[in-house]
Amino acid sequence: MGVFDRNKQTQNMDLLKKLQWRYATKRMNGTKVPKDKLDVILQAIQLAPTSIGIQPFKVFVVESEDVRKKIHAAACPQPQVLEGSHLLVFAAREALTNEEVEEYINRVAQTRNVPVEALADFKKMVMSVQGMSADDYFTWAAKQTYIALGLGMVGAAEVEVDSTPMEGFSAPAMDEVLGLRAKGYRSTVLLALGYRDNKTDYLVNAAKVRKSTGNLFETIQVVFNRGQ
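Described below are features of the structure shown in this document. What you see is a predicted model, and the numbers here were worked out from it, not measured in a lab.

With respect to the side chain of Lys18
Mapping Lys18 onto the fold places it in helix α1 (residues 3-21). For the buried Lys18, which has no salt bridge, the nearest side chain bearing the opposite charge is Glu158, at an N-O separation of 4.0 Å.

What follows is the structure, encoded as structure tokens:
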């Protein structure tokens, strides 16, 4: 085994150890997440893949204690909202505007150094999303936020910041507290960031319970008929 292979194997083991370390933290101790670690988590979210690459959502990073108190009272009475350092509110776009399409196509052209005209077919594909019903579009956009949520949790584990994904909240109340509907967004899922409280979190020493790989994964292999 070469040096590169050994380094790669070590990196893989490190990642798995970090994922074993993380869990959905139930109680946090109020310690602030340093900016450099928060930036890693947000960049991981930024780099998440999305359908046609358009990222039809925004993540509202709630650090304000006053705002988190309002969220706790009105939308999500979970202790992590108050005990955590930051609350990330993932919110999907309610509609895709022509202006957003134009901005995206221009950004693709500039980033990849290609003429806008060369992206005409791709632009048509992007604009086809506008043909969805309002409900179908929001469902599609909301699914993209969950991809980003997953990358955010991996990023948090990488820098050893605890995280808790949460769906058990009132989306209408959250939208009201943050004024999301006026901005064209609706909340979909939350991610609390902070550090576990070793004294009060009943799951802090609990073993991770998961299906075995044999039960979770089924390999479908190609079987060739030798008679053909």
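From this point, things continue past the structure.
Points about the nonpolar core
Counting 19 residues, the largest nonpolar core has Ile71, Leu87, Val89, Met174 and Leu190 as its most contacted members. Listing elements by their share of this core, those giving two or more residues are β1 (57-62), β2 (86-93), α8 (171-178) and β4 (185-194). Counting residues in each nonpolar core, the second largest holds 18 residues, with Leu88, Phe90, Val189 and Leu193 among its members.

Brief notes about the environment of Pro165
Its place among the elements puts Pro165 in strand β3 (residues 162-166). Take Pro165: its relative accessible area is 31%, and that puts it in the partly exposed class. Along the primary structure Pro165 and Leu88 are separated by 77 residues, whereas in three dimensions their C-alpha atoms are 9.3 Å apart.

Examining the environment of Ala173
Residue position: Ala173 is located in helix α8. Distance from Ala173 to Ala73, taken between C-alpha atoms, is 9.7 Å for residues 100 residues apart in sequence. Beyond its immediate stretch of four places on either side in the chain, Ala173 contacts Ala74 and Ala75.

Side note on the sheet that holds β1
Strand order in this open sheet of four strands is β1-β2-β4-β3, and the pairing throughout is antiparallel. The two strands at the open ends of the sheet, each matched to only one other strand, are β1 and β3. Strand-to-strand, the axes of this sheet are offset by a mean angle of 25°, without reference to chain direction. Taken together, the five bridges between β3 and β4 define a ladder with antiparallel strand orientation. From the neighbouring strand, Pro165 faces β4, where its bridge partner is Leu191. Contacting β1, β2, β3 and β4, helix α7 (residues 134-158) crosses the sheet at an angle of about 10° to β4. Running over the sheet, α8 touches β1, β2 and β4 and is turned about 85° from β4.

Calculation criteria
- Residues numbered from 1 in each chain as written.
- Predicted model: local features only at pLDDT ≥ 70, side-chain atom pairs only at ≥ 80, totals over all residues.
- Heavy atoms only, no water.
- Helix = DSSP H or I, 4+ residues; strand = E, 2+ residues; numbered from the N terminus.
- Buried < 20%, exposed > 50% of the residue type's maximum accessible area, 1.4 Å probe, protein only.
- Lys, Arg positive; Asp, Glu negative; His and termini not counted.
- Salt bridge = Lys/Arg side-chain N within 4 Å of Asp/Glu carboxyl O.
- Core = buried A, V, L, I, M, F, W, Y, C linked by side-chain atoms within 4.5 Å.
- Contact = heavy atoms within 4.5 Å.
- Pairing = 2+ DSSP bridges.
- Axes fitted to C-alpha atoms, helices over the stretch in contact; angles between N-to-C directions.

No statement about biological role is implied by the geometric values presented.
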